[in-house]
Amino acid sequence: MRVITYVLGRSRVSKIQQKFPKTKKFITAIAISLGIAGVGLSALASANGTVNWTGQGTSNGALDTIECTASNTSYLLWVFTLGGGNESVTSATLHLSGSGSGNFPMVKTGHEMKATTPYFNLSTLHANVTYVGTLGRGAANLVISHGCPGGTSVTSTILKDSSNNIVLEGSSVPLGSVIHDSATVTLIPSAVPTGSVTFRFYTSSTDCTADTTFNGGTTMGTVALNGSNPGVAEPSTATSALVPGTYAFKAKWPGMTGYTGSISSCETFTVNKAQLGVNTTVHSDAPDQALVGNLNLGDGAHDSAAVTGGVSGFTLPNVTFYFFGNGVSCTNGSTAGGTQLNTLAPDVNGVAHPSTSETALAAGTYNFMAVVAGDNNYLGFTSDCEPFTVNKAQLNISTIVHDAAHQDITNNSVALGSVVHDTATVTGGVSGFPVPTTVNFTLTGNYTDSCSNGSAVGNDGIELSGAYKSADTSALGAGNYAFRATVVGNDNYLGSNSACEPFSVNKAQLSVTTNIHDANHQVVTSIATGSVVHDTASLAGAVSGFTAPAITFTFYTNSLCTGDGTSVANTGADESNSSLVRSANSAALAAGSYSYKASVAGNSNYLGDSSDCEPLTVNAFWCSPGFWAQNYQNLVGTDYDITSILGVHYNTISGAAALKSGAPADPTIQDMLDAGASVYGGPAMNSVADYISAHFGWGGTSATGDNCPIDAHGNFTGTLSIQTL
Ligand SMILES: [Zn+2]
Ligand SMILES: [Zn+2]
């Protein structure tokens, strides 16, 4: 047996392209020589032997395809040249190894034996022929006449999520994504691919790349192509909901007659962790609900956290709560400074509730914060600060004004000079938070409707009732007043002003009583003509510490104090009684009617008064019948009969004047005349008549106008006139 180590034969061998560029020129030369002589390397004739083909392919993968049909059926035509002439080979078998393992019987045609094999990659192909018989004298060659490599294919894939949205190579998808693959098989030359595509899925890019034999990972189904050009096979079996990581699909189409199969490249994608969020809501403890407005002093609160971003099927991590006390700085997303509270697993709705309650809270501003942890599936998150406020409690203060006997005088009146105090009661305290004890009082004088400008009044401890007590006022002048009390707030309480608590101090009522004095400080209401008098007054109702106005006197020349009168000076204490004040002396008064009145004016503390009108009568010195009897004729001549005048006009003298035994108790002038000297007669009668005239007057007021020309001492004063009665 001879071994032919490198054989190129027949005219068509020129179509076999060498993979070694440096031999190409040589091959061309050989081809030319073959075209002339048809002779290559020769093998010596021998019985039953082997001829090797060691051609190792071509320089660019091309082969003589001139006889390839449109079907792109791949084949190689092998020709074993028996050596020409007297050969006796009866059978031969082509043996392929390497990429084309197999045995192929050869068929004799003339001086050649031929076999057709599928197309194989020449670069990895090894062949030889074993034959039975004896070769001829010429060269024995094993050559590839020509062949068709057949079509190729490209299998590409497109990943899609459960919504059939395309997932680009190398991109990321959310936690829990469900991915499937779609394969497209494109044939070259163009044709409709048939058969099915098989998908595989890998849990790392490396695993995919390493699986060159397409048997690693997980089978994700075999899907028939859809008969289109290019063909599509989809969907692959979908993944389960994927946890974070890097994954890859690839697909294989096994090929079909005339076309080689292909495996797609790895199509990788990444499943990201899901970013969680936390929204917190402060809850009041009672009721347990989202806090409305602010908490009240002493209330309690807790937090509720709603975790967002969770993915169905992937359990949420636990939530841990933090608390920032009153005034503690809180920064969104940072637990620095906070106090860790409890940790809870979110419920099916993603809500972690309740946090530890923070109870009996003082007034101020606080924050809760919630942190959801990260894990294999999730990126954790720290919430924003969740601020809430506990309000100060509003204190209230009410007051009651007391008099010195602790009786309520609020909205009432008290007497001038009263000493009062205020009392105040504070309410609105919250258990556990001491109520402020600073209570201030003010007193507003000349109160109208505002206490804002009151003057401070000191404190005087606590009354029996438990109320705060102000200091006592001084003795108060008349007017309107109001107390107000203020309780001063603190960190937990809002202070408060009481309402104005008004009261009034009444003016005191003065009263004036009077008497008219004669010159001897005797009280008189009538007096003889020519007398000098003065008025006296006594004042009542004055209050110690509040000076009453001075008394003024008015003198009237009538008995009823009518008209303006004449002001008379107040000259101070009366000589008879220092508790009285007196007026200046009158002039010597003529007969007639007079009156005095004393007054005291009002002022800011007192109501004034005027005395009653005090009438004073200054009597005329009536001329007595004796006067007339002795002087009438001298004064008026003889034209008038005195007896008849007396009889007509003076017979109605009344009064009791029993001067002498036997005298009538109520004598008339006629009685006196008739009784004669034994009773009234002579000088006695004159004296009696004078007395009666002076002290009792005539029976009627119509006679008061007489002007007797006799003074208080009985002396005639000069002019006599007679009035018609
Ligand atoms: Zn009191
Ligand atoms: Zn007097």
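Throughout, residues of each chain are indexed from 1 in the direction in which the sequence is written. Naming scheme: in the order in which they are written, chains are lettered from A and ligands are numbered from 1. Only residues with pLDDT of 70 or above have their local features reported here, since the model is predicted, and side-chain atom pairs are shown and tallied only from 80 upward, although totals for entire chains, interfaces and linings are computed over all residues.

A look at the overall build of the protein
- Check the secondary structure of the protein and you find six helices and 52 strands.
- To sort residues by exposure, count the other C-beta atoms lying within 10 Å of each residue's C-beta; 20 or more gives buried, 12 or fewer gives exposed, and values between give partly exposed, all with C-beta atoms placed from the backbone. When the 725 residues of the protein are sorted by exposure, 36% land in the buried category.
- Placing C-beta atoms from the backbone, we regard two residues as in contact once those atoms come within 7 Å. Taking contacts inside the protein between residues at least 6 apart in sequence as the whole, the part at least 24 apart equals 70%. Helix and strand definitions here come from DSSP, where helices need a minimum of 4 consecutive H or I residues and strands a minimum of 2 consecutive E residues; each element is numbered from the N-terminal end.

Considering the nonpolar core
- To define a nonpolar core, we join buried Ala, Val, Leu, Ile, Met, Phe, Trp, Tyr and Cys residues through C-beta atoms within 7 Å and take the resulting set. In terms of nonpolar packing, the biggest core is built from 56 residues, with V197, V278, V307, V319, F321, A370 and V372 touching the most fellow members.
- In this structure, A370 is in contact with V278, T280, D303, A305, V319, F321, A352 and S383, ignoring residues within four places of it in sequence.
- If you look at the next biggest cluster of nonpolar residues, it comprises 29 residues, including V51, V79, Y119 and A140.

Quick look at the environment of G432
- Its place among the elements puts G432 in the loop between strand 32 (420–427) and strand 33 (439–445).
- The spacing of G432 and A360 is 72 residues in sequence and 7.9 Å in space, taken between C-alpha atoms.
- With residues up to four places along the chain from it excluded, the contact list for G432 reads G298 and A360.

Here we look at the sheet that holds strand 44 (residues 533–540)
- Strands are labelled as partners when DSSP assigns at least two bridges between them. Taken together, four strands build an open sheet; the order of strands is 42-44-48-47 and the sheet is antiparallel. Whereas interior strands pair on both sides, the edge strands pair on one side only; in this sheet they are strand 42 (511–518) and strand 47 (570–574). Going across the sheet, the axis of each strand differs from the next one's by a mean of 35°, ignoring polarity.
- Both strand 44 and strand 48 (residues 577–583) contribute to a ladder of two bridges, which runs antiparallel. To define axes, lines are fitted to C-alpha atoms, for helices over the stretch in contact only, and angles between the resulting N-to-C directions are given on a 0 to 180 degree scale.

Some thoughts on the confidence of the model for the protein
- The share of residues in the protein with pLDDT of 70 or more is 76%, and the mean pLDDT across the chain is 81.
- Each residue carries a pLDDT score, the predictor's confidence in it, ranging from 0 to 100. Every residue in residues 679–688 scores below 50 in pLDDT, and together they form 18 contacts with partners more than four places removed in sequence or on other chains.
- Overall, residues 710–716 carries pLDDT values under 50, and its contacts beyond four positions in sequence, including any with other chains, amount to 14 contacts.

Details of the pairing of strand 25 (residues 364–372)
- The buried fraction of strand 25 amounts to seven of the nine residues, a majority that puts the element mostly inside the structure.
- Sheet topology places strand 22 (residues 319–324) next to strand 25; six bridges connect them, and they run antiparallel. Among the inter-strand pairings, V319 is bridged to a residue of strand 25, identified as V372.
- In this sheet, strand 28 (residues 386–390) lies alongside strand 25 in antiparallel orientation, the contact comprising five bridges. If you follow G364 over to strand 28, its bridge partner there is V390.
- Here two bridges tie strand 25 to strand 27 (residues 381–382), and the two strands are oriented antiparallel to one another. In the strand pairing of strand 27, V372 is matched with F381.

A few points about unusual backbone geometry
- Along the chain, N229 connects to P230 via a cis peptide bond; the corresponding omega equals -5°.
- Counting through the fold element by element, P230 comes out in the loop between strand 13 (218–224) and strand 14 (231–233).
- Looking along the chain, the bond that leaves A286 and enters P287 is cis, with omega of -5°.
- With respect to the secondary-structure elements, P287 resides in the loop between strand 19 (277–284) and strand 20 (289–290).
- Look at F214: it is not a glycine, yet its phi comes out positive at around 55°.
- Tracing the backbone through its elements, the reader meets F214 in the loop between helix 2 (205–210) and strand 13.
- The phi angle at C561 is positive, at roughly 55°, despite the residue not being glycine.
- With respect to the helices, strands and loops of the structure, C561 is situated in the loop between strand 45 (551–556) and strand 46 (566–568).

Quick notes on the environment of C148
- With respect to the helices and strands, C148 occurs in strand 7 (residues 141–148).
- Sequence-wise, C148 and Y75 are 73 residues apart; in three dimensions their C-alpha atoms are separated by 5.3 Å.

Remarks on the sheet that holds strand 11 (residues 180–188)
- Spatial strand order, 9-8-11-14: four strands in an open sheet with antiparallel pairing. Looking at the sheet topology across the chains shown, the edges are occupied by strand 9 (166–167) and strand 14.
- Two elements, strand 8 (residues 152–160) and strand 9, share two bridges in a ladder whose sense is antiparallel. Looking at the pairing, K160 lines up with I166 of strand 9.

So, the pairing of strand 2 (residues 75–81)
- Taken across its seven residues, strand 2 has five buried, putting it largely inside the fold.
- The pairing of strand 2 with strand 7 spans seven bridges and is antiparallel. By the bridge assignment, T81 is partnered in strand 7 with N141.
- Here strand 2 pairs with strand 5 (residues 112–117) via six bridges, running antiparallel. For F80, the partnering residue across the bridge sits in strand 5 and is M113.

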